[in-house]
Amino acid sequence: MPSYSVTVATGSQWFAGTDDYVYLSLVGSGGTSERHLLDKPFYDDFERGAIDTYDVTVTEDLGEIQLIKIEKRKYWFPDDWYLKYVTVKTPMGDYLEFPCYRWITDDKEVVLRDGRAKLSADDKTQVLKHHRRKELEDRQKMYRWAEWHPGFPLNIDAKSHKELPRNIQFDSEKGVDFVLNYTKAMENLYVNRFMHMFQSSWSDFADFEKIFVRISNTISEYVMQHWQEDFMFGYQFLNGCNPVLIQKCTELPKKFPVTTEMVECSLERNLTLEEEIKQGNIFIVDYELLDGVEGNKTDPCTVQYLSAPVCLLYKNLEKKIVPIAIQIKQAPEPGNPIFLPSDAKYDWLLAKIWVRSSDFHIHQTVTHLLRTHLISEVFGVAMFRQLPSVHPLFKLLVSHVRFTIAINTKAREQLICEYGLFDKANATGGGGLAQILQRAMKHLTYSSLCFPEEIKARGMESTEEIPYYFYRDDGLKVWEAIKSFVTDVVDLYYDSEEMVSEDVELQGFVKDVYVYGLRGTKASGFPKTIKTRQKLSEYLTVVIFTASAQHAAVNFGQYDWCSWIPNAPPTMRRPPPTEKGSVTIEYIVESLPDRGRSCWHLGAVWALSQFQENEVFLGMYPDEHFIEKPVKEAMRKFRKNLDEITSCIAERNRNKKLPYYYLSPDQIPNSVAV
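Residues numbered from 1 in each chain as written. Predicted model: local features only at pLDDT ≥ 70, side-chain atom pairs only at ≥ 80, totals over all residues. Heavy atoms only, no water.

Under the annotation held in an unreviewed UniProt entry, the protein carries the name Arachidonate 5-lipoxygenase and is attributed to Podarcis muralis. Check the Subcellular location (unreviewed entry) section of the UniProt entry for the protein; it says "Cytoplasm". Note on the protein: under the UniProt heading Pathway (unreviewed entry), the record states "Lipid metabolism." (UniProt positions renumbered as here; feature names shortened; annotations may be inferred.)

Structure (structure tokens):
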């Protein structure tokens, strides 16, 4: 009688093993085997991290093995089991690999196909076609779209982390409990004694050092020492944690009537302001999205303020970017002066603080939340709904949505919900976040997620004109590395443009993103269909780059740049000045966050800047969904390219007081998971 050798690998996560009854059936072109009992209680098989091998004897020739069925039956209490993969050695000596990499829960049967990636057109037998169709039908019942807030991209239909499908939950919910993590962060930073001191102002700037953790030779310490300098202010628009707003100014907006006379002491080339603009030396940052948004009113004891500044910047003879004019509100009118470096010290400093605070709000709500977290969740939900496990694009993308839906669900549950942690310390809490995000949705375009196009759209592409824009330089290298890898994979599975346009599952994925994620907005420029390999490669690059590199660039620098509170105030407690010459150090300190809000802010930026336990970085694919050698070769080439970029960045950063490492591939997690 034919005998098969079956190897079963259990995950190494905590509680990955099982003591339940486990059965295996083999499905071949010539028939299906009877159920074989592989494990039963107290056999000590399928323990955490174990690899167990069994001989399975069948009574008849099964032909070519097409599927295997794994069935788990409860022994005593619910005992989830994480199955990595199964390999089968046939009587002819052939090895078949069946990737799983998911939890098997309750009394369920899981049906696995062998690991070779297949498009739907490749499936010729009814057994395989049915399996493919059934998997998507089941997934679409589990992964449903829902609207958390009007005007937002749609998200998964789950009110809490516990309601999510088991396979996309965190291994341990405790590890991503925001309340627990923020409180723990405040304890680790020794600031918990201040965390309840709302309404209690600091005495002066030096007083903020009571909650500042000094770590020698770090960016955060350098920020603390130099935050008042114009150079440091300008540098952050290029390489801080929100390096996506600055753009070349081609014409001054009428609402911002800066004249040559106002700024001539800042201009170094003996040119008028108009001439400097023509030569490409003037840049602008406009926080118009914040205009008219009401400050947080959840605490009746503290009035909180928002404003919408416009900031003009200048490239000096050293090619450094420095501020030369700030208007704190949008409308040019009496009571809204244009502040200048030549003004009194504290007038100019407070104007810059208002810009830094506004930058913090746009960073958190738009750059970080909307343009990495929420859009990556859209890609993730659409992928699970429309691409079966055997599809090459599922295998390509699944590592890049790892824990994304879970972290966002947890955020909706604890962080950005009504009266959540976000409301505690941020002026955009209590409804402001939703207003800003709804407005920002109008600017969420496909081209703005294509990194090279986004850089060009802001006029920031020239390395000669703007030499110190490391976010741009490193981002372009990582984008090209990802695109090269994705193109290699696409070319392996799509021989022609027709194969792309006729792939109904791919088209379903793209349509889901457009209809539900972008709410069917034509102006978004997101494709409804994809018809060429080149466009498909670009689209997949957007998905992977957004989830990995873009999120890393705007997330992991938060403690570096925002831990010194005056450099990134999460709220302002006094209105903007309406005239020059009235600002004092006391007024600035009273404007800045109180002790309690400062501590909650510090706990937040610390917790958000930490990598996940067992983080998986770009280019690493420990879950082997792909089994084909050509794809594994493409992965090796990808890792080699990334290693070269890492070395290049390390060399550039050597001996720099302000190293830029957020886009170093060894610092880029595969997915949005924090």
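Don't stop here, the text continues.
*Asks:* Outline the pattern of salt bridges, supporting the account with residue identities and numerical values.
*Replies:* The tally for this structure, following the rule as stated, stands at 35 salt bridges. Note that Lys580 and Asp343 form a salt bridge whose closest N and O atoms lie 2.9 Å from each other. Here Lys580, found in the loop between helix H18 (558-562) and helix H19 (585-591), pairs with Asp343, found in the loop between strand E16 (338-339) and helix H7 (345-386); they are 237 residues apart in sequence, far enough to count as distant. Note on Lys580: relative accessible area 36%, which makes it partly exposed. Taken together, the shared-partner salt bridges connect Arg113, Asp123, Arg132 and Glu505 into one network. (Salt bridge = Lys/Arg side-chain N within 4 Å of Asp/Glu carboxyl O. Helix = DSSP H or I, 4+ residues; strand = E, 2+ residues; numbered from the N terminus. Buried < 20%, exposed > 50% of the residue type's maximum accessible area, 1.4 Å probe, protein only.)

*Asks:* Now, about the pairing of strand E14 (residues 310-315): what can you tell me, with residues and values included?
*Replies:* Counting buried positions over the 6 residues of E14 gives 6, a clear majority of the element. As paired elements, strand E13 (residues 282-286) and E14 share 5 bridges and run antiparallel to each other. What sits directly across from Ile282, in E14, is Tyr314. Judged from the 6 bridges that link them, E14 and strand E15 (residues 321-327) form a sheet pairing that is antiparallel. Residue pairing for E15: Val310 is matched across the bridge by Gln327. Connecting E14 to the next strand, E15, in antiparallel fashion are 5 residues, including Lys319 with a positive phi near 65°. (Pairing = 2+ DSSP bridges.)

*Asks:* Summarise the domain arrangement of the protein; cite the residues concerned and give the values.
*Replies:* Here the protein is described as being made up of domain 1 (3-114) and domain 2 (145-174 + 366-404 + 423-559 + 622-667). Domain 1 puts 12 residues into the contact, and the matching count from domain 2 is 11 residues. If you sort the residues of domain 1 by the area they bury against domain 2, Glu97, Tyr101 and Trp103 come out on top, with a joint share of 50%. Here domain 1 and domain 2 share 1 salt bridge between them. Of the charged contacts, one joins Arg166 and Asp80 as a salt bridge, the two residues approaching to 3.2 Å between their closest N and O atoms. Viewed at the interface, domain 2 and domain 1 are joined by 3 residue pairs in polar contact (both at pLDDT 80 or more). The class makeup of the residues in the side of domain 1 that touches domain 2 is 5 nonpolar, 2 polar and 5 charged. (Domains from an automatic or database assignment. Contact = heavy atoms within 4.5 Å. Buried area = accessible area lost by both parts, 1.4 Å probe. Polar contact = N/O pair within 3.5 Å; in protein donor to acceptor, adjacent residues only side chain to side chain. Nonpolar A, V, L, I, M, F, W, Y, C, P; charged D, E, K, R; others polar.)

*Asks:* Explain the side chain of Ser664 to me, using residue names and the numbers behind them.
*Replies:* Along the polypeptide, Ser664 turns up in the segment after helix H21 (629-653). Overall, the relative accessible area of 5% leaves Ser664 in the buried class. If we ignore the near neighbours within four places in the chain, the residues touching Ser664 are Thr646 and Ile649.

*Asks:* Which residues make up helix H9 (residues 404-415), and what values do they have?
*Replies:* With 11 of 12 residues buried, H9 lies mostly within the body of the structure. Turning to H9, its buried residues are Thr404, Ile405, Ala406, Ile407, Asn408, Thr409, Lys410, Ala411, Arg412, Gln414 and Leu415.

*Asks:* Lay out the UniProt feature "binding site: Ca(2+) 2" (unreviewed entry) in the protein in plain terms, naming residues and giving numbers.
*Replies:* The UniProt record marks Asp39 with the feature "binding site: Ca(2+) 2" (unreviewed entry), using the residue numbering of this structure. In this fold, Asp39 is placed in strand E4 (residues 36-39). Other than its neighbours up to four places away in sequence, Asp39 contacts Thr18, Asp20, Tyr21, Val22, Asp45 and Phe46.

*Asks:* Explain the packing of aromatic side chains to me, and be specific about the residues and the numbers.
*Replies:* Under the definition given, this model contains 25 aromatic pairs. A ring pair is formed by Phe509 and Tyr539, whose centres lie 6.1 Å apart and whose planes are at 85°; its orientation type is edge-to-face. Taken together, the residues span a long stretch of sequence, with Phe509 in helix H16 (residues 504-517) and Tyr539 in helix H17 (residues 533-555) at a distance of 30 residues. One exposure class covers both Phe509 and Tyr539, and it is buried. A connected cluster of aromatic rings, assembled from ring pairs, spans Phe379, Tyr446, Phe509, Phe526 and Tyr539. If you follow Arg166 out to its NZ or CZ, it ends over the ring of Trp103, 4.1 Å from the centre. Here the basic side chain of Lys320 rests over the ring of Tyr468, its NZ or CZ set 5.8 Å away from the ring centre. (Phe/Tyr/Trp six-rings, centres within 6.5 Å; stacked < 30°, edge-to-face > 60°. Lys NZ or Arg CZ within 6 Å of the ring centre and 35° of its normal.)

*Asks:* Any chance you could break down the sheet that holds strand E5 (residues 51-57) for me, citing the residues and the numbers?
*Replies:* Taken together, the 4 strands give an open sheet; going across it, the order is E5-E1-E7-E8, and neighbouring strands pair in antiparallel fashion. Sheet topology places E5 and strand E8 (95-104) at the edges, where each strand pairs with a single neighbour. Across this sheet, the average inter-strand angle for adjacent strands is 20°, counted without regard to direction. Here strand E1 (residues 3-10) runs beside strand E7 (residues 81-89); their pairing, made up of 6 bridges, is antiparallel. (Axes fitted to C-alpha atoms, helices over the stretch in contact; angles between N-to-C directions.)

*Asks:* Explain the side chain of Gln327 to me, and be specific about the residues and the numbers.
*Replies:* Secondary-structure assignment places Gln327 in strand E15. A distance of 3.0 Å separates a polar side-chain atom of Gln327 from the backbone oxygen of Lys329. Here Gln330 takes part through its backbone oxygen, which lies 2.9 Å from a polar atom of the side chain of Gln327. Once residues lying within four places of it in the same chain are set aside, the contact partners of Gln327 are Lys255, Phe256, Pro257, Pro309, Val310, Pro332, Asn336, Pro337 and Ile338.

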